[in-house]
Amino acid sequence: MAHPVQTEAEVVESAPAGAYRRLVLRAPEAARRVRPGHFATLAVGGGTSSMLLRRAFSIHRADVEAGTIELVVAEHGPGTRELVRSRVGDRLSLIAPLGTPFPLPEGPVSALLVAGGYGSAPLFPLAEEIKRRGGQVGFILGAATEARLFGVEAARALTQDVLVVTEDGSAGLTGLVTEPLAQAIKAIDATVVHACGPMPMLRAVTGIAEELGTRCWTAVEESMACGVGICMTCVLPVVGEDGVSRFVRSCTDGPVFDGAKVRWADLGTVPADLEGAAAMGVRG
Amino acid sequence: MEPQQVDLTAPFGGRTLPNPLTTASGCAGYGRELAKFVPLDALGSVTTKTIMPYARSGRATPRMAETPSGMLNSIGLQGAGIAHFVKHELPWLAERGARVLVSIAGERLEEFAEVAEQLNGQPGVIGLELNISCPNVADRGLVFACNPATSYDVVRAVRRVADAELPVYAKLSPDVTSITEIAAACVQAGADGLSMINTTLGMAIDPVTMRPALAGTTGGVSGPAIRPIAVRCVHQVHAEMLAGRIPRVPILAMGGLRTGLDALEFALAGASGVAVGTTLFNDPAAPLRILDELRTELAARDFTSFTDAVGYAHRPVS
């Protein structure tokens, strides 16, 4: 886990981005520590807010020179609505960087980056790192509608290999990101896939990548109360190095996991062979 | 009175802690992650997540739902067990100078005793907190703290095997008809202190799925929403102690503590120590802020020490 910084960060930019809001926050010390795949949490309201739980967002960009961190915020409920309404000059309680980032290749690789909605946010700095190491990247960016896509232009600025997919056909191909996936992996001869988006998408992407023998790193989305590793709410069943499955925290052990190690079919259950399941009355 | 002149030291068992603040069990893990935000030796003590004799996966997700001024959780006491704790977590805590109050539990009396025994003579341990009140057990009938006789039995079984120098605190549930009756049973059984309160049983329904929001259906409510319940419990039990109906033992208060003023409120109600829980999820650096605020609030009321404020709300009307 990263060494996080807790700070009152000033909003220096707040702009719409399709269906989302892009917030740029001044947090120089935190920005220096960010790696692709890290996330940040924001508190909602001040010290007397009735909404206690921090909201987690993957970090879109960290600019060390400007001392800023850029987040993409989607409105889901009263908490995110309040954050979306932040204005330049407001101060937000920020904790960043959090989580375990994407592993970076040592040399040149061909990587396919797959995202659903604003799940693409952390993939652009990752793509830059992969290219810096002499590798090449391709993108599949999907969403329900055109407005819910994020970063299509940013992807095109990095590579010619960008596929856009929307469920309603309002932009690019019609359907799900998984439909052109196998073909795209072969087309760019990808040896690794990095995926970020809703859990059913990550499960499907992992399955297709595995069939083709391609390594697949997934940045999971689980609801978190704290984001820093102390509440134990964001767990999911993952197979450890020792072959034993455990409930591990997506905030500190993740959010990036080797997709092949995540027991996607068992999310929301206590599998009988999970360490400690017997103590819950679950029998194998 | 200057805030920095206020004496925050607090007696705990046979020792004196630098201040009365600890973490509430289940809200700080085993300290490693919290240490990135606050030096653990700056806290009076660190209370661990509840430890059982064996590894326990805890419940399925979703395990959490936000509620007004609080949250619901149904973790289900996930943990790797006492052997792992003693080997991997406790030495780390001790090296950092943390004074550790270990929260323990078992499904049977013997299991409480088994865990307690393994903590005798371990470095860093300053006391045991018996979690006899977790609402996230499979069978609500297993909540020992809902019954004076079972509460008595657990405390007795642990007090019998635990090192005599380790104070044993019983953690009580607010979900009972008479918390003073349970408190009395625990003290009679040899409890050296009482922790109040554990989360209170609650539930939320997801408006999208129109099903219970938690996989475990019900969960424990925590956060500022339950603070008035906690203050009431502390006040009630302390009043019984002052009236001589329960032998006097220290009370460690927790339940929605967010500011120094909240800590003072618990002290005035009769708490000799306070714990910060759910607030850590919102603000992991809260302990140092709360201690600063507590100093200021005490000074503003001309208290020269924290202990002078303990039980102050009970003084007779003049």
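Reading guide: rules and limits
- Residues numbered from 1 in each chain as written.
- Chains lettered and ligands numbered in written order.
- Predicted model: local features only at pLDDT ≥ 70, side-chain atom pairs only at ≥ 80, totals over all residues.
- Heavy atoms only, no water.
- Contact = heavy atoms within 4.5 Å.
- Buried area = accessible area lost by both parts, 1.4 Å probe.
- Salt bridge = Lys/Arg side-chain N within 4 Å of Asp/Glu carboxyl O.
- Buried < 20%, exposed > 50% of the residue type's maximum accessible area, 1.4 Å probe, protein only.
- Helix = DSSP H or I, 4+ residues; strand = E, 2+ residues; numbered from the N terminus.
- Pairing = 2+ DSSP bridges.
- 1 Å grid on protein atoms, 1.4 Å probe; cavity = no way out; pocket = protein on both sides within 12 Å on 5 of 7 lines; lining within 4 Å.
- Points joined across faces, edges and corners; volume = space filled by probe spheres on them.
- Nonpolar A, V, L, I, M, F, W, Y, C, P; charged D, E, K, R; others polar.
- Expected span 1.5 Å × (residues − 1).
- Axes fitted to C-alpha atoms, helices over the stretch in contact; angles between N-to-C directions.
- Domains from an automatic or database assignment.
- Polar contact = N/O pair within 3.5 Å; in protein donor to acceptor, adjacent residues only side chain to side chain.

Student: Help me understand the interface of chain B and chain A in this model?
Tutor: Size of an interface, as often reported, equals the accessible area lost when the parts are brought together. Across the contact, 39 residues belong to chain B and 40 residues belong to chain A. Summing the contributions of chain B and of chain A, the shared interface buries around 3200 Å²; its carbon and sulfur component is 60%. Per-residue buried area on chain B facing chain A is highest for B:Lys36, B:Glu66 and B:Phe281; these three make up 19% of the total on that side. Counting across the chain B and chain A interface gives two salt bridges.

Student: Help me understand the pairing of strand β14 (residues 218-222) of chain B in this model?
Tutor: Side-chain positions along a regular strand alternate between the two faces of the sheet. All names here are of chain B. In terms of burial, β14 is largely enclosed, as four of its five residues are buried. Here strand β6 (residues 70-73) runs beside β14; their pairing, made up of three bridges, is antiparallel. What sits directly across from Asn73, in β14, is Gly220. Sheet topology note: the strand β11 (residues 200-203)/β14 ladder contains four bridges and is antiparallel. Within β14, the position partnered with Thr200 by the bridge is Val221.

Student: Help me out: how do you make sense of the layout of surface pockets in this one?
Tutor: Where empty space is left can be seen by rolling a probe of water-molecule size over the atoms. The space that makes up the largest pocket amounts to roughly 1800 Å³. Taken together, 45 residues line the largest pocket, and the ones lying closest to its centre are A:His76, A:Glu222, A:Ser223, A:Met224 and B:Met64. Those elements giving two or more residues to the lining of the largest pocket turn out to be β4 (55-63) and α2 (78-84) of chain A together with β5 (64-67) and β12 (205-206) of chain B. By residue class, the composition of the lining of the largest pocket is 25 nonpolar, 13 polar and seven charged. Reported here for the second largest pocket is a volume of approximately 720 Å³.

Student: How should helix α6 (residues 199-211) of chain A be read in this particular structure?
Tutor: Helical geometry note: an α-helix holds 3.6 residues per turn, so side chains three or four residues apart project in the same direction. Residue and element names in this part refer to chain A. Given a rise of 1.5 Å per residue, 13 residues ought to cover 18 Å, and the 19 Å separating the end C-alpha atoms of α6 matches this to within 8%. Buried within α6 we find Met199, Met201, Leu202, Val205, Thr206, Ile208 and Ala209. Where α6 is buried, its residues touch β7 (110-116), α5 (181-187), β11 (192-196), β12 (215-219) and β13 (235-239). Gly213 occupies a position one or two residues after α6 and carries a positive phi of about 70°.

Student: What is the right way to look at the sheet that holds strand β9 (residues 168-172) of chain B in this model?
Tutor: As a general point, the strands of a sheet are linked pairwise by backbone hydrogen bonds and lie either parallel or antiparallel. Residues and elements named next belong to chain B. Read from one edge of the open sheet, eight strands run β3-β16-β15-β10-β9-β8-β7-β4, paired in parallel fashion. Each edge of the sheet is formed by a strand with only one pairing partner; in this case those strands are β3 (21-23) and β4 (46-47). For β9 and strand β10 (residues 193-196), the ladder comprises four bridges, and the chain directions are parallel. When the bridges of β10 are listed, Lys171 appears paired with Ser195. On top of the sheet, helix α5 (residues 227-242) reaches β10 and β15 (251-254); it is set at about 165° to β15, its chief contact.

Student: I'm lost on empty space enclosed by the protein in this one. Help?
Tutor: All names here are of chain B. All told, the structure shown has two cavities of 30 Å³ or more when counted by the stated rule. Of the volumes computed, that of the largest cavity is approximately 460 Å³. Secondary structure elements with two or more residues in the lining of the largest cavity: β6, β16 (273-276) and α7 (279-282). Its residues assigned to classes, the lining of the largest cavity shows 15 nonpolar, 17 polar and two charged. In this structure, the second largest cavity spans a volume of roughly 120 Å³.

Student: Even after reading the chapter, I still don't get the pattern of salt bridges, so can you show me in this structure?
Tutor: Between side chains of opposite charge, a pair can form as their charged atoms come close. In the structure shown here, the tally under the stated rule is 29 salt bridges over all chains. With a shortest N-O distance of 3.3 Å, B:Arg108 and B:Glu111 are connected by a salt bridge. A salt bridge links B:Glu293 to B:Arg289; the nearest nitrogen and oxygen atoms lie 3.2 Å apart. Note that B:Glu293 and B:Arg289 are positioned in helix α8 (residues 286-300) at a spacing of four residues, about one turn of the helix. Each of A:Glu13, A:Arg22 and A:Glu70 takes part in a single network of salt bridges with overlapping partners.

Student: Any chance you could explain the domain arrangement of chain A here in plain terms?
Tutor: Residue and element names in this part refer to chain A. If you check the domain split of chain A, you get domain 1 (5-98), domain 2 (110-221) and domain 3 (223-284). If you average the C-alpha positions of domain 2 and of domain 3, the two centres end up 25 Å apart. Surface buried jointly by domain 2 and domain 3 totals about 1000 Å² across both partners, of which 66% is contributed by carbon and sulfur atoms. Inspection of the region where domain 2 meets domain 3 yields one salt bridge. Ionic pairing is found between Asp258 and Arg215, a salt bridge with its closest N-O pair at 3.1 Å. Applying the counting criterion to the domain 2 and domain 3 interface returns four residue pairs in polar contact (both at pLDDT 80 or more). Of all elements in the fold, only α6 and β12 reach the threshold of two or more residues within the side of domain 2 that touches domain 3.

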